[in-house]
Protein chains: 2
Amino acid sequence: MKIGELSRATGTNIETIRYYERIGLLPAPDRTAANYRSYGDAHRSRLSFVRHSRDLGFTIEEIRSLLDLSDDPARDCGEADRIATAHLEQVEAKIAQLVVLRDELARIVGRCRGGVAADCRVIEALGDHRHCESQH
Amino acid sequence: MKIGELSRATGTNIETIRYYERIGLLPAPDRTAANYRSYGDAHRSRLSFVRHSRDLGFTIEEIRSLLDLSDDPARDCGEADRIATAHLEQVEAKIAQLVVLRDELARIVGRCRGGVAADCRVIEALGDHRHCESQH
DNA sequence: GCTTGACCCTGTAGTTGCTACAGGGTGCAT
DNA sequence: ATGCACCCTGTAGCAACTACAGGGTCAAGC
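Residues numbered from 1 in each chain as written. Chains lettered and ligands numbered in written order. Predicted model: local features only at pLDDT ≥ 70, side-chain atom pairs only at ≥ 80, totals over all residues. Heavy atoms only, no water.

1. Details of the nonpolar core
For soluble globular proteins, nonpolar side chains are generally found buried alongside one another.
And then number 1: Phe58, Val122 and Leu126 of chain A together with Phe58, Val122 and Leu126 of chain B are the most contacted members of the largest nonpolar core, which totals 70 residues.
And then number 2: Contacts of leucine 126 of chain B, omitting those with residues within four sequence positions, involve Ser48, Phe49, His52, Ser53, Leu56, Phe58 and Leu66 of chain A together with Ile108 of chain B. (Core = buried A, V, L, I, M, F, W, Y, C linked by side-chain atoms within 4.5 Å. Buried < 20%, exposed > 50% of the residue type's maximum accessible area, 1.4 Å probe, protein only. Contact = heavy atoms within 4.5 Å.)

2. A short note on the relation of the copies chain A and chain B
And then number 1: It takes a turn of 180° to lay chain A on chain B, together with a shift of 0.0 Å along the axis; the resulting RMSD is 0.2 Å. Such a combination of rotation and displacement between the chain copies is what one expects of a two-fold axis. No C-alpha of chain A approaches the rotation axis more nearly than that of isoleucine 95 of chain A, which lies at 3.1 Å.
And then number 2: When you check the interface residues of chain A against chain B, 100% turn up at the interface there too, and the contact is symmetric in its surfaces. (Least-squares fit on C-alpha atoms with pLDDT ≥ 70 in both.)

3. Points about the interface of chain A and chain B
When the parts come together, some accessible area is lost, and that loss is often what is quoted as the size of the interface.
And then number 1: At the interface, 51 residues of chain A touch 51 residues of chain B.
And then number 2: With both sides pooled, the region where chain A packs onto chain B buries about 4100 Å², and carbon together with sulfur makes up 78% of that total.
And then number 3: Considering only the side of chain A, the residues that lose the most area to chain B are His52, Leu56 and Leu126 of chain A, jointly responsible for 16% of the buried surface there.
And then number 4: Across the contact surface, chain A and chain B share zero salt bridges.
And then number 5: Counting residues per element, the ones that place at least two in the side of chain A that touches chain B are helix H3 (41-55), helix H4 (60-71), helix H5 (78-109) and helix H6 (121-127) of chain A.
And then number 6: Here the element with the most residues in the side of chain A that touches chain B is H5 of chain A; it accounts for 19 residues. (Buried area = accessible area lost by both parts, 1.4 Å probe. Salt bridge = Lys/Arg side-chain N within 4 Å of Asp/Glu carboxyl O. Helix = DSSP H or I, 4+ residues; strand = E, 2+ residues; numbered from the N terminus.)

4. Some words on the pattern of salt bridges
Residues and elements named next belong to chain B.
And then number 1: With the rule as written, the count across this model stands at 20 salt bridges over all chains.
And then number 2: The salt bridge partner of arginine 107 is glutamate 104, with a shortest N-O separation of 3.0 Å. Pair noted here: arginine 107 and glutamate 104 are both in helix H5 (residues 78-109), with a separation of three residues, about one helical turn.
And then number 3: Overall, the relative accessible area of 3% leaves glutamate 104 in the buried class.

Set out below in structure tokens:
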């Protein structure tokens, strides 16, 4: 299939597919006589793997490691689990951080009573960390 | 004060301060005879405002609008409230998205039973969205 | 046979918010 | 006069794309 079909089949931007090829995440496909990229099923499932992993927030480098692993079926699965577990921990840390931030923001937003900027509680709170209840 | 002092006073990297000046977020300060930047209290509090807002996740452009507002004390505070509220909503959306993602990841990680990559449930799950319980 | 439009190609530059040099100048203490 | 901490400008790098510019290819319809 041509790049446009692969793009539709996987929900990936065409430019992104070419980008993945350039950085070596996808192998360079064969070319037609007109120099068009020509993909097969192996490409499609590899790209689906990449997209799905990206959607789950894995970095390109993590995905590279995961792909290396799955390219070598004799290797130990533990490494995949280690990568995924580390990523899960990062996501949990990020959530915790955003929750603190959200609470602080909600407090700040709730202070607005209208009026002019000179009296604005929102601007005041942003200017001075001492109005905050948490370290962030 | 010189840039190093301002850096220590606000916990901002020196390069970042110069970057903010370059993009017009901080006004260019006076210079000493040796061409060193020389800052006053107004600079320090403006930079604190910027840093605090960045810590709360506001973008540079949002901060620019907030600073414009506070530079013009007669303007209506509603705009500041609108920016902050919109940002709060974004943070809440991001949290919700990360929670879905975390649950999916936790499910994937939990499937690992060791063994070789060929049988790896983690790699299998990443390759095929149909293993997922949610849209993400 | 010629045009139109959809598709494809390469290469480069932009995005966000910094951070990290390289290659130089300044100021003060020893 | 020599070391060291500090300052300057300008440019390039990071992640993960995205968006052109400027060109080639191909099938359909007139």
